[in-house]
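The residues making up each chain are set out below.
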Amino acid sequence: MIQISSAILCAIVMINSNQTMVSGSFGIAWLNDDKIISVFDANSVTQPVPNIKVNAILAADVLEEGSEQLLFLDEAKKALHIYSFKTKKLLGPFGSNIKTFATGRWSDKESFPSVFVSTFAGQAFRWTREIMEKGWEPLAGYFEQITAGKSKSSNMSNDFAVVCAGNVYLFSPKWKTYSQLLEGKEIVAALYGNVTNSSGDELVLLDKKGNLLLYQNSSVESLGISNVRDFTFGKNGDGLDTLYALDVQKKPVKYNRESKTWKDVFAENAFACSALVTQTNGDGGEGHTLYVVRDGNLYRFNVGGKAEQLSEQSANAFLKTAGKTVADYRYINVPFKPYIEKLRTPSGRNVLRDAPHDHLHHHGLMFAVAVDGCNFWEEYNNNAGKEITTSLLSKENVLNSELDWKNSKSEILLTEKRKIMVSESRVDEKSVTLLDWQSVFSPPTGRTAHFDKSNHHYFGLGLRFDQTMDKEGRFFNSNGNVGEVFRGDERLTTCNWMAYTAKLNGEPVTVAMFGRLENSIPTVAFTMGETGKSFAYMSITLNFHRQPLDLKPDTTLTLDYRVAVWDGEVSAETIEKAYQEYATIKF
């Protein structure tokens, strides 16, 4: 028998070590096709850690916050991370070279669980909130999975099954000893559930070949299904649990205990899935809800067996108003900076262009400057800066994100809290799409962020127009003048707002950019392309090329802007009214 620590675990809560889908008080979490964690909280889908590819996830309250945290293994670092939904903070990485992990209480005196890991080197360790800063406590032995259930024996309150090297052992919390249950079955996963009418839980096992087995009363029987890809239990209060699995075709099926057969969960139009999980109904009901992942998207089943799609896998967050998607914010699989990929007029026409061949670093509506000589605007080589999204929460019309601005050495030069909000309004009886952009910048602790003269005259919040808008357009601004001719047809103008009218696929649109008067840096409009000899571009530049700025420790720089988009041509008087309305609204 493989040696297992005899001082281990008295109240285990465990899931499969390669789990890609879990449920908790935060909702449903799963890994999409890009191995990015998505979370559905009953209202919307977010990606709390969009810049980390993940191998496995787990839910448990290891921080004793009163609600579960999301634990996951970083694919690159093979380390443990913990995301707290209560504080919206990411902790870790903890440890390295981790192969499998589990959670459970080290003793019945502890009110919160520990984390147990096994490494690729065959070692086992324990981690708890109390020893967070002290490293890992080594354990004797090696384990792959631990699961708990209600015991049928009157002298024990719980049974614990431990999977080690394909064998299954039973841990007795009363005697603190292990006994071997199964050997040579090549078990890869185990879960306790009340499948039959017995007085306690049975142990359902999945072997290496995908066969589901039922262990009870010292015997093993087949549950009549093979090539299983995943399985789980749905709790039904004091009633028997429902056993679900993904069959050979990856379709969700459930076990009928009377006929000992499996039946499709779907009422119609069955489709293949990659994972499944259940969540106990939280409205006082005793039943549960089944969730599955298909093509990276989350689906929920209703009572009739019909699947309702709850997410749309994408590298974008979609901002909506009045039931319409008006802005697509791209932040996954972006090597240098997140940005607004699409911005639509009230009728639904997109005015932006992303990464044209002549300037691949032009991304729709984007924000970038130079910090400490590091260029975050251009993307020509590996020395370019990168705006790394560390968190993002998006609900309907509001997006909140945190970013680390890093140089090529991965040093943080600047941190940003970014808020983007969309809405639709009417000005002079004309419908207008509005996008508000707020950036709050802070230097790293103890450092000064230098916005020096390495900035170009167009750095700031920039907008690249659709290709059809490059010709025969017209720029105008709140001052009514052409401003300073900086170079060729490139102009700089200090103003409250700037606007551009051109034909989008043959039909006119108008786009305006506003700067708030409360901004500590005046709005300086950069425009180019009115002559038709080059592409059309517009940005609110920060003028750092002439007036550098040092952002000192413990200070912030807040910038508020608005972009307004109309169908058709709009007069300067209408834009001025829209600007005055913006000036009175607190963002």
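None of the values given here were measured: they were computed from a predicted structure.

Of regular secondary structure, the protein possesses one helix and 50 strands. In the protein, 52% of the contacts between residues at least 6 apart in sequence involve partners at least 24 apart. Counting every atom, the protein has about 25200 Å² of accessible surface; 46% of that belongs to carbon and sulfur.

What follows deals with the pattern of salt bridges. Enumeration over the complete set of coordinates arrives at 22 salt bridges. Lys337 is the partner of Glu379 in a salt bridge, and the nearest nitrogen-oxygen pair spans 2.6 Å. Here Lys337 lies in the loop between β31 (324–330) and β32 (339–343) and Glu379 lies in the loop between β35 (374–375) and β36 (386–395), a separation of 42 residues in the sequence. Here Glu379 and Lys337 have matching classes, each one buried. Among the charged side chains, a salt-bridge network with shared partners connects Glu387, Glu416 and Arg418.

A sheet is described by the order of its strands in space; here four strands give the open sequence β2-β3-β4-β5, paired in antiparallel fashion. What marks the edges here is a single partner per strand, and that holds for β2 (21–24) and β5 (45–46). Pairing analysis gives four bridges linking strand β3 (residues 27–31) to strand β4 (residues 37–40), with the strands arranged antiparallel. Across the sheet, the residue bridging to Ala29 is Val39, located in β4.

This next bit is on the nonpolar core. Counting 71 residues, the largest nonpolar core has Ile340, Leu365, Phe367 and Leu435 as the members making the most contacts within it. Examining the composition of this core, we find that five residues originate from one element, strand β50 (residues 557–567), more than from any other. If sequence neighbours within four positions are ignored, Ile340 has contacts with Ala327, Asp328, Tyr329, Leu352, His363, Gly364, Leu365, Ile420, Leu435 and Trp437.

Calculation rules
- Residues numbered from 1 in each chain as written.
- Predicted model: local features only at pLDDT ≥ 70, side-chain atom pairs only at ≥ 80, totals over all residues.
- Heavy atoms only, no water.
- Helix = DSSP H or I, 4+ residues; strand = E, 2+ residues; numbered from the N terminus.
- Contact = heavy atoms within 4.5 Å.
- Areas by Shrake-Rupley, 256 points an atom, 1.4 Å probe, with all protein chains shown as cover.
- Salt bridge = Lys/Arg side-chain N within 4 Å of Asp/Glu carboxyl O.
- Buried < 20%, exposed > 50% of the residue type's maximum accessible area, 1.4 Å probe, protein only.
- Pairing = 2+ DSSP bridges.
- Core = buried A, V, L, I, M, F, W, Y, C linked by side-chain atoms within 4.5 Å.

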